[in-house]
Amino acid sequence: MIALDQITFAYPGAEPLFQDFSWRVGRGEAWAVLGTSGCGKSTLLYLLAGLRLVQSGQVCIDGAPLTRPRPQTGLIIQDYGLLPWATVRQNVELGLRVRNFYGPDGTHAPRGYTPSLEVDPWLERLGIGGVAGQFPGQISGGQRQRTAIARTLALRPDLMLMDEPFSSLDAPTREGLQRLMLELWAEQALTMVVVTHSIEEAAVLGQRILLLGKAPNRAAQVIENPGAAEMRYREGDDYGRMCRLLRERLEET
Amino acid sequence: MKRRNLLLAGIALLGLWQVLALAVNRPILPTPLSVLAALWRELTSGNLLDHFLASFWRVIASTLLAVLTAAPAGMMLGQSKRLNDIFSPVIYLLYPIPKVVLVPIVLLFFGVGDVPKIIIIYLILFFQILVLVRDSAAGLRPELIQSVRSLGAGRRALFRYVYLPASLPAVLTALRQSVGTAVAVLYVAELFATQRGLGYYIYLNGSTLFNYPAMYGGVVMMSLLGLGLYFGVDLLERRLCPWKTAA
């Protein structure tokens, strides 16, 4: 699904964050990218989203080199992603409106796309039907992230990228949304990449975990965590062991 | 603000006017009641309404022109750092020039009639709207832009779904801030080279005809013009930006 081949990326005037870095993500996998701030994990996500371009090497998604945002990739960021002047419903419709605006041209919307504005099932599935007429400033942080998720899923993505999606939320809301995300991942056959600085979140959401260290990152450090997608994983001993392991590895880097 | 408080404040100001008029007791400060009578007379049998409509038309025409040109220009500058780097020094130099001093020049170039008046108000509103819309577009969070881009939006869709709605409050704020100045400058502009408009009417009645109640009637109409525009902007904001008042 995702293939990074020998990529190098640096912001202008800064040390490279990635140098000859390669990484593979298979279709349908749930990945967490874990690292401390400044390690380049958000940048990695922006590279995957096609919002930033590598200086050398290649980012391929579904076999095609990435040169611009791809219509089947969904991106969810921590905050500020919703239009403050639009209601929850209008925000969820936004992606579809953009697609309808361009028509099925293959760059902004997939070819063969039929224009639609049908978002009610998504409002219901994400439990935000009751606040559909409200503005982002009037609803809770959890509801805002549900809105962002609904907006992305309404576009029927096959790849879901998330940048610290739940880190500004309180613990019960965060755990509820993590569970919901795993359900949606299984139900929609998504490939999922979640970037996080939280060890717990990485252990809960990532069946495979990519550990990023001090820049420049050269080799991909991958930790297998097959239990993640199980609903009761958080309550078991494996989860505790995984968190300890991740903490140790994080300190080493 | 509650309506009731606005009404009370209005009544208090009228009361103060009444007391002052009684205390001064000279024709140059008539009482509110005699002004009201003169206002009615001038509106129904005189030509005050025509003067009012002439001024009103000049303000509305220049406002529309300013919004239609300054808002797109502001959006263009706000979303492109390069364009802004080129134009911002020019704007920086032109913005603080008090546009009222340009009145004689504009009159020299455009002569009599509506055009010079419309141009002068247009200039005032244009810069105010341009600067506020530019800053609001430039101040949009990059996260917001990126996340809308990730939904497939290119430049055109970004304008349609992000920059355009984001600039609406800035346009309204600019209008609110400059509508008072615009009416004031309109008054000055209407003192010259015209025989239509409230400025001409006020000056004629005050300095030539010495009809003070009628002059005050003109002042009241000019105030109502400013107040009405201000209310109009408020109303538009409530209608067009419900999210600002709801949050």
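Residues numbered from 1 in each chain as written. Chains lettered and ligands numbered in written order. Predicted model: local features only at pLDDT ≥ 70, side-chain atom pairs only at ≥ 80, totals over all residues.

K.L.:
For this particular structure, what's the right way to read the overall build of chain A?
P.N.:
Within chain A one finds seven helices and 10 strands. Taking 18 Å as the expected radius of gyration for a compact globule of 253 residues, we find that chain A reaches 18 Å, a close match to that expectation. Dimensions of chain A, computed from the C-alpha atoms along their principal axes, are close to 50 × 40 × 30 Å. Per-residue burial for chain A yields a buried fraction of 44% across its 253 residues. For chain A, the proportion of contacts with a sequence separation of at least 24, taken over those separated by at least 6, is 68%. (Helix = DSSP H or I, 4+ residues; strand = E, 2+ residues; numbered from the N terminus. Rg over C-alpha atoms; globule rule 2.2 N^0.38 Å. Buried ≥ 20, exposed ≤ 12 C-beta atoms within 10 Å, placed from the backbone. Contact = placed C-beta atoms within 7 Å.)

K.L.:
Is there a simple way to explain the overall build of chain B in this structure?
P.N.:
A tally of helices and strands in chain B yields 11 helices and zero strands. When its helices and strands are written in sequence order, chain B yields α-α-α-α-α-α-α-α-α-α-α. For chain B, the spread of C-alpha atoms along the three principal axes comes to 70 × 45 × 30 Å. Restricting to contacts in chain B with at least 6 residues of sequence separation, those with at least 24 account for 73%.

K.L.:
It is not clear to me how the nonpolar core should be interpreted in this structure. Could you clarify?
P.N.:
Proteins that are soluble and globular tend to have nonpolar side chains buried together. Residue and element names in this part refer to chain B. Core analysis: the largest hydrophobic core is formed by 128 residues, its most contacted members being Ile121, Ile129 and Val133. Looking at which element gives the most residues to this core, the answer is helix α8 (residues 155-189), with 17 residues. The contact partners of Ile129, leaving out residues within four places of it in the chain, are Ala66, Val67, Ala70, Ala71, Gly74, Val171 and Ala174. (Core = buried A, V, L, I, M, F, W, Y, C linked by C-beta atoms within 7 Å.)

K.L.:
Is there a simple way to think about the sheet that holds strand β5 (residues 64-65) of chain A in this case?
P.N.:
Pairing between the strands of a sheet is mediated by backbone hydrogen bonds and can be parallel or antiparallel. All names here are of chain A. Overall, antiparallel pairing links the four strands, which are arranged β2-β1-β4-β5 in an open sheet. The strands lining the two open edges of the sheet, one partner per strand, are β2 (18-25) and β5. Note: strand β1 (residues 2-9) against β2, five bridges, orientation antiparallel. Across the sheet, Phe9 pairs through a bridge with Phe18, a residue of β2. (Pairing = 2+ DSSP bridges.)

K.L.:
Honestly, the sheet that holds strand β10 (residues 221-224) of chain A in this entry has me stumped. Any pointers?
P.N.:
All names here are of chain A. Taken together, six strands build an open sheet; the order of strands is β6-β7-β8-β3-β9-β10 and the sheet is mixed. The outermost strands of the open sheet, each flanked by one partner alone, are β6 (73-76) and β10. Here the average twist between neighbouring strands, direction ignored, is 20 degrees. As defined by bridge partners, strand β7 (residues 159-163) adjoins strand β8 (residues 191-196) across five bridges and the pair is classed as parallel. Following the sheet pairing, Met160 is matched in β8 by Met192. Sitting on the sheet, helix α7 (residues 237-252) touches β3 (30-34), β9 (208-211) and β10, and the angle it makes with β9 is about 20 degrees. (Axes fitted to C-alpha atoms, helices over the stretch in contact; angles between N-to-C directions.)

K.L.:
Please clarify how the confidence of the model for chain B should be interpreted in this entry.
P.N.:
Caution is warranted with low-pLDDT regions, since their predicted coordinates should not be read in detail. Residues and elements named next belong to chain B. For chain B, per-residue confidence averages 92 on the pLDDT scale, and 100% of positions sit at 70 or higher. When mean pLDDT is taken per element in chain B, helix α3 (residues 48-79) scores highest with 95 and helix α11 (residues 242-246) scores lowest with 81. This prediction of the complex comes with two scores: 0.84 for pTM and 0.86 for ipTM. (pLDDT = per-residue confidence, 0-100.)

K.L.:
Looking at this structure, how should I read the environment of A:Ser198?
P.N.:
Structurally, A:Ser198 can be placed in the loop between β8 and α6 (199-205). When the C-alpha positions of A:Ser198 and A:Val33 are compared, they lie 9.8 Å apart, and in sequence the two are 165 residues distant.

K.L.:
Quick question: what am I supposed to make of the pairing of β8(A) here?
P.N.:
Residue and element names in this part refer to chain A. By the criterion of burial, β8 is predominantly enclosed, with six of the six residues buried. Residues of β8 alternate between two faces, with Thr191, Val193 and Val195 on one and Met192, Val194 and Thr196 on the opposite face, all of them buried. Pairing geometry for β3 and β8, over five bridges, is parallel. By the bridge assignment for β8, Ala32 is matched with Val194.

K.L.:
Before we go on, may I ask you to explain the domain arrangement of chain A in this structure?
P.N.:
A common way to express how large an interface is: the accessible area buried when the components associate. Residue and element names in this part refer to chain A. Domain annotation for chain A reports domain 1 (1-72 + 161-253) and domain 2 (79-156). Every contact between the two is made by 11 residues of domain 1 and, on the other side, nine residues of domain 2. Class assignment for the residues of the side of domain 1 that touches domain 2 results in six nonpolar, four polar and one charged. (Domains from an automatic or database assignment. Nonpolar A, V, L, I, M, F, W, Y, C, P; charged D, E, K, R; others polar.)

K.L.:
Help me understand the interface of chain A and chain B, please; the structure alone is not making it clear to me.
P.N.:
Taken together, the contact between chain A and chain B spans 23 residues of the former and 19 residues of the latter. The element that contributes the greatest number of residues to the side of chain A that touches chain B is helix α2 (residues 88-102) of chain A, accounting for seven residues. The residue inventory of the side of chain A that touches chain B, partitioned by class, reads 16 nonpolar, five polar and two charged.

K.L.:
How should the packing of helix α4 (residues 81-94) of chain B against helix α6 (residues 114-138) of chain B be read in this particular structure?
P.N.:
The relative placement of two packed helices comes down to the angle between their axes together with the axis-to-axis distance. Residues and elements named next belong to chain B. The contact between α4 and α6 brings their axes to 11 Å, and the two run at 140 degrees. Seen along the crossing, α4 lies across α6 with a hand that is left-handed. On α6, the residues touching Asn84, Ile91 and Leu94 of α4 are Phe127, Leu130, Val131, Arg134 and Ala138. Split by residue class, the contact of α4 with α6 holds six nonpolar, one polar and one charged. (Left-handed = near helix turned anticlockwise from the far one by under 90°.)

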